[in-house]
Amino acid sequence: ARHCIVLRWFDEIIVESISRMLGNYDTFFETKASIYQMLTDLRFVDSLGNRAVFHSQTRQGLLEYYQNTDPDFLIKSAHTAAMIYLTHPDQPSAEIEALFCYTASGQEENALEILDKLLIQNSEVNNWRKILVLFDTLTDAASLSLAKPLPLTESHYFIRGIAFDQ
């Protein structure tokens, strides 16, 4: 559960994959659903269809705690989750979360690669709302004390300006 604190949403795939990748997958859990079920049974976790989220205040409090006591833990969790989100079947929603996680974990090159890809895809189909979501995602990630804002270019600001005007 601790590895999911930094995530804005998670599901069975994310929980199982993080547990396996970070070596925390206990043989006590027979299925990925049992780990996920235990998480979603917690009073401070909400189920949203096939996804789950920590209550906002709980997540904020835990983020503040770990940012002060063990920021490397959050960075490692976010970096691991980013790789998992990129292979998640719920694309493009998961790609946005990968952008968040790479930005939060300081992986600027990976974050910029995803940002540029998604900006191109969405500008080609005039999906300005989604472009604004991308920039909101960057703002969310940069609000974490462990993250640095991405070095955006003039082109990024130009596209964001166009999206605001639509």
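Residues numbered from 1 in each chain as written. Predicted model: local features only at pLDDT ≥ 70, side-chain atom pairs only at ≥ 80, totals over all residues. Heavy atoms only, no water.

Caption draft 1: Representation of helix α4 (residues 71-86). In this model, α4 (16 residues) spans 23 Å end to end at C-alpha, consistent with the 22 Å of a helix rising 1.5 Å per residue. Listing the buried residues of α4 in full gives Phe73, Leu74, Ser77, Ala78, Thr80, Ala81, Ala82, Ile84 and Tyr85. Packed against the buried residues of α4 are α1 (12-21), α3 (56-69) and α5 (93-104). (Helix = DSSP H or I, 4+ residues; strand = E, 2+ residues; numbered from the N terminus. Expected span 1.5 Å × (residues − 1). Buried < 20%, exposed > 50% of the residue type's maximum accessible area, 1.4 Å probe, protein only. Contact = heavy atoms within 4.5 Å.)

Caption draft 2: Examining the pairing of strand β1 (residues 45-48) more closely. Two elements, β1 and strand β2 (residues 51-54), share four bridges in a ladder whose sense is antiparallel. Among the inter-strand pairings, valine 45 is bridged to a residue of β2, identified as phenylalanine 54. Following β1, the chain reverses through two residues before pairing antiparallel with β2; glycine 49 in that reversal takes a positive phi of roughly 70°. (Pairing = 2+ DSSP bridges.)

Caption draft 3: Inspection of unusual backbone geometry at higher detail. Although it is not a glycine, asparagine 126 adopts a positive phi angle of roughly 55°. Positionally, asparagine 126 belongs in the loop between α6 (108-124) and α7 (128-142).

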